[in-house]
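Below, each chain spelled out in residue letters.
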Amino acid sequence: MEDRLKNAKPRHVSALTGTWVANNAAMQQQTRRMGLYEQDDDAQEQDEVLTKRGSWTGRFDFLLSLLGYSVGLGNVWRFPYLCYNNGGGAFLIPFTIMLVIAGLPLMFMELSIAQYAGLGPAVLFQRFSPLFQGVGVGMVLIAGTVMLYYNVILAWTLYYMLASFEEPLPWRGCDHAWTSKYCYSYEAENKCVSGNGTYYMRQCYANASLIANWTKVPKKPPAEEFFKNYVLRISPGIETTGNISVTLALSLLGAWLIVFLCLCRGVKSSGKVVYFTALFPYVVLVMLFVRGITLPGSYNGIMYYLEPDWEKLKSAQIWGDAAVQIFFALSPAWGGLLTLASYNKFSNNCYRDAIIVAISNILTSFFAGFVIFSILGFLAHELDTEVESVIDQGAGLAFVVFPEMVTKLQMPMFWSVLFFFMLLTLGLDSQFTLMETVVTGILDTFPKLRQWKMRVVFGVAVVGYVGGLVFITNSGMYWFQLVDKYAANWSVLLIAIIECVLIAWIYGSERFISNIEEMIGKRSLCFTYFWTFAWKFVTPITLMYKPVSYGKYVYPDWADIVGWLIGLLPMIVIVFTAFYKIVADTSDQSPVQIIGKLLKPTAEWKAAKSSLYRFEYDDNGIEI
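Everything numeric here is computed off the predicted structure, so don't read it as measured data.

(A) Representation of the state of the cysteines in the model. In the structure shown here, the tally under the stated rule is one disulfide. What pairs with cysteine 174 in a disulfide is cysteine 183, and their sulfur atoms sit 2.0 Å apart. With the S-S dihedral at roughly -80°, the linkage between cysteine 174 and cysteine 183 falls on the left-handed side. As far as burial versus exposure is concerned, cysteine 174 and cysteine 183 are alike and both buried.

Structural data, given as structure tokens:
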């Protein structure tokens, strides 16, 4: 029996024919099919990029991951605000148009090219257009930068979710050491008024005439002071760094631990987690909507959200905001779409997936607006004020308005935990893709590291945690806003334009469409004409620059310079890499000829119809 095992030739089932073949024959067959030869060591090493990458294990893994990446925190707190600020329901018109002519073409283009090549951004552009190899590196840099501060949001969310289990909620009332003299307690005022008193700066005065001539002061809700004075302990400016918050440091550690555990096995683990993280927010949104429309004042809030202002459509601002929101919604040119699609099967219908996610994004954003404004209408009713006085976006909406609102609901602990858990699941999907983009970039560039993939993921998580500590210092919020403003601004726009030029003009839109048809089947002439026109002639609207600020705080000039350096770093890498490629060319060709050659795909650029076989055996020669 032992002699038979020693002399037996290892065999494997061919993925192409379904029959048993000798492993050496299978390897030779695959090597020939991929256009490689055994004596070409460099080519064999490059083929390791395509082998052992892994792939989505379920039919809907990719679709839900893509949906979770595209539908994120911005749908809940940014879109409703933009919709309100740009003509209410009228904003849907430019948003939908921008989605069709800018967002969807970029999304479909990136999904198609990554699925066709089976490569992440770092190596994809190295093979597709060596002159612009830096584009892929720039995408990884953008994803890595956003990854650092995006997980800080998850840390805040995790902290609030755990704090929501306290009874009463810790941000309720003004009787705390972290409150200022401007803290305004609605309960204290009602108690004071019921006794025929006058409430002023946390004091109840029996004689109203004593304060008749006093200066009117701003009213700070307890939730706002809790967030700024207790959670952030925000300093006067970015130049005052202060200390690292221990509680937030632990929360950030917990957030990174969750991300690491979900990604330690790559898309095999994250592909299953998204079945929950991508679908659960919809359950919570429906619950919040049902609760919201039953609250007094909700109708006024919804009508305030929907009432169209058609005059706004004549403004360039509304079209610019719609284009910017598309980049936040679908996230093209960040590298995440390329990373997710690179793990697809070659025949996956990425065209269908792109349309499904694009439509889902619009519907989710619009529905979230109903949820948000029904609750804001209730809060305005409770405060006896107008809706516009409580409207906010970003961190202000999530960590000030909502915490303040839940204190006025029955079962405040339940609604608070539910809301922040929803934010956590919304943010995790996007964070998964950002981190996977960085990890895939490393492993595609250095394929030999795949055998230590878990260590690579752990190393990226450690670097991410250390890099995120600057955002949880006393000046952390200023750094957060600064990096958020510049990290994915001009570079993202320019990278998107470069992609369109490379694919539609240099590579050729007709050639690219034939590659797509190779994956998903023959398409109509209308399909060809529409996407050719979109990719060749439609580019994102230029973003207008203005100095970033946090509230009324205006950043010093040096901070704006730092922000520009962060934002332009990917473009610097692209330019430097292109220059190096030209200079390093040792051929006798002219610079124009060298550039022309470097713009074209290399010999390694080919369809990733199936990866090379991978064989593992035990000491007895039996396949594991």
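(B) Looking closely at the nonpolar core. Counting 187 residues, the largest nonpolar core has Leu124, Trp156, Phe227 and Met435 as the members making the most contacts within it. It is helix H9 (residues 133-163) that contributes the most residues to this core, 19 residues altogether. Filtering out sequence-adjacent residues up to four positions away, tryptophan 156 remains in contact with Phe227, Leu232, Leu248, Ala395, Phe399, Met477 and Phe480.

(C) Seen up close, the packing of H9 against helix H12 (residues 246-263). Two elements in contact, H9 and H12, have axes separated by 8 Å at closest approach and are oriented at 110°. As judged from the angle between their axes, H9 and H12 are roughly perpendicular. As H9 runs across H12, the sense of the crossing is right-handed. Taking contact as the criterion, the partners of Met147, Asn151, Val152, Leu154, Ala155, Trp156, Leu158 and Tyr159 in H9 are, on H12, Thr247, Leu248, Ser251, Leu252, Gly254, Ala255, Trp256, Ile258 and Val259.

(D) Representation of empty space enclosed by the protein within the structure. Scanning the model with the defined rule gives six cavities of 30 Å³ or more in all. What the second largest cavity holds in volume is close to 50 Å³. Around the second largest cavity, the lining residues are Trp171, Arg172, Gly173, Tyr186, Glu187, Pro222, Glu404, Thr407 and Lys408. When grouped by side-chain class, the residues that make up the lining of the second largest cavity number three nonpolar, two polar and four charged.

(E) Seen up close, helix H20 (residues 412-445). Between its terminal C-alpha atoms H20 stretches 49 Å, which fits the 50 Å expected from 34 residues at 1.5 Å a residue. In terms of residue burial, H20 counts as a mostly covered element, since 29 of its 34 residues are buried.

(F) Spatial organisation of unusual backbone geometry. Note the cis peptide between glutamate 167 and proline 168, where omega equals 0°. Relative to the helices and strands, proline 168 is located in the loop between H9 and helix H10 (186-194). Phi at serine 331 takes a positive value of approximately 55°, unusual for a residue other than glycine. For serine 331, the position within the fold is in the loop between helix H16 (316-330) and helix H17 (336-342).

(G) Region of interest: helix H26 (residues 591-599). Taken together, the buried positions of H26 are occupied by Ile594, Leu598 and Leu599. Here the buried residues of H26 occupy an arc of 135° about the axis, which is enough to place them on one side. The inward-facing, buried residues of H26 contact helix H8 (121-128), helix H23 (490-520) and helix H25 (557-584).

(H) The packing of aromatic side chains, seen in detail. Within the structure shown, the criterion is met by 53 aromatic pairs. One cation-aromatic arrangement involves arginine 523 over phenylalanine 527; the distance from NZ or CZ to the ring centre is 6.0 Å. One Lys or Arg, lysine 536, reaches over the ring of tryptophan 505 and ends 4.8 Å from the middle of that ring.

(I) Region of interest: the side chain of aspartate 429. Structurally, the position occupied by aspartate 429 is in helix H20. Other than its neighbours up to four places away in sequence, aspartate 429 contacts Gly68, Tyr69, Val274, Thr277 and Ala278.

(J) Representation of the pattern of salt bridges. If you walk through the whole model with that rule in mind, you get seven salt bridges. For glutamate 604, the salt bridge identified is with arginine 127, shortest N-O distance 3.8 Å. Linking glutamate 604 in the segment after H26 with arginine 127 in helix H8, this pair joins segments that are 477 residues apart in sequence. Judged by relative accessible area, arginine 127 falls into the buried class, the value being 3%.

(K) Broad picture of a nonpolar patch on the surface. A cluster of nonpolar side chains, namely Ile93, Ile97, Val100, Ile101, Trp310 and Phe530, defines an oily patch on the protein surface of about 500 Å² accessible area. The dominant element in the nonpolar patch, judged by the number of residues it contributes, is helix H7 (residues 92-117), at four residues. Relative to the elements of secondary structure, isoleucine 93 occurs in helix H7. Isoleucine 93 gets classed as partly exposed once you look at its relative accessible area, which sits at 36%.

(L) Geometry of the confidence of the model for the protein chain. Residues at a pLDDT of 70 or more form 83% of the protein chain, whose mean pLDDT is 80. Counting contacts from residues 1-46, a segment whose pLDDT is below 50, to residues more than four positions away or on other chains yields 63 contacts. Low pLDDT (under 50) marks residues 542-546, which in the prediction has 11 contacts with non-local residues, meaning those over four places away or in another chain.

(M) Structural detail: the side chain of glutamine 325. Its location among the elements puts glutamine 325 in helix H16. The residues contacting glutamine 325, other than those within four sequence positions of it, are Gly74, Arg78, Phe79, Leu82 and Phe95.

Criteria and thresholds
Residues numbered from 1 in each chain as written. Predicted model: local features only at pLDDT ≥ 70, side-chain atom pairs only at ≥ 80, totals over all residues. Heavy atoms only, no water. Disulfide = S-S within 2.5 Å. Buried < 20%, exposed > 50% of the residue type's maximum accessible area, 1.4 Å probe, protein only. Core = buried A, V, L, I, M, F, W, Y, C linked by side-chain atoms within 4.5 Å. Helix = DSSP H or I, 4+ residues; strand = E, 2+ residues; numbered from the N terminus. Contact = heavy atoms within 4.5 Å. Axes fitted to C-alpha atoms, helices over the stretch in contact; angles between N-to-C directions. Parallel < 35°, antiparallel > 145°, perpendicular 65-115°, else oblique. Left-handed = near helix turned anticlockwise from the far one by under 90°. 1 Å grid on protein atoms, 1.4 Å probe; cavity = no way out; pocket = protein on both sides within 12 Å on 5 of 7 lines; lining within 4 Å. Points joined across faces, edges and corners; volume = space filled by probe spheres on them. Nonpolar A, V, L, I, M, F, W, Y, C, P; charged D, E, K, R; others polar. Expected span 1.5 Å × (residues − 1). Arc of directions from axis to C-beta. Phe/Tyr/Trp six-rings, centres within 6.5 Å; stacked < 30°, edge-to-face > 60°. Lys NZ or Arg CZ within 6 Å of the ring centre and 35° of its normal. Salt bridge = Lys/Arg side-chain N within 4 Å of Asp/Glu carboxyl O. Patch = residues over 30% accessible without salt bridge, like charges linked within 9 Å, V, L, I, M, F, W, Y side chains within 5 Å. Areas by Shrake-Rupley, 256 points an atom, 1.4 Å probe, with all protein chains shown as cover. pLDDT = per-residue confidence, 0-100.

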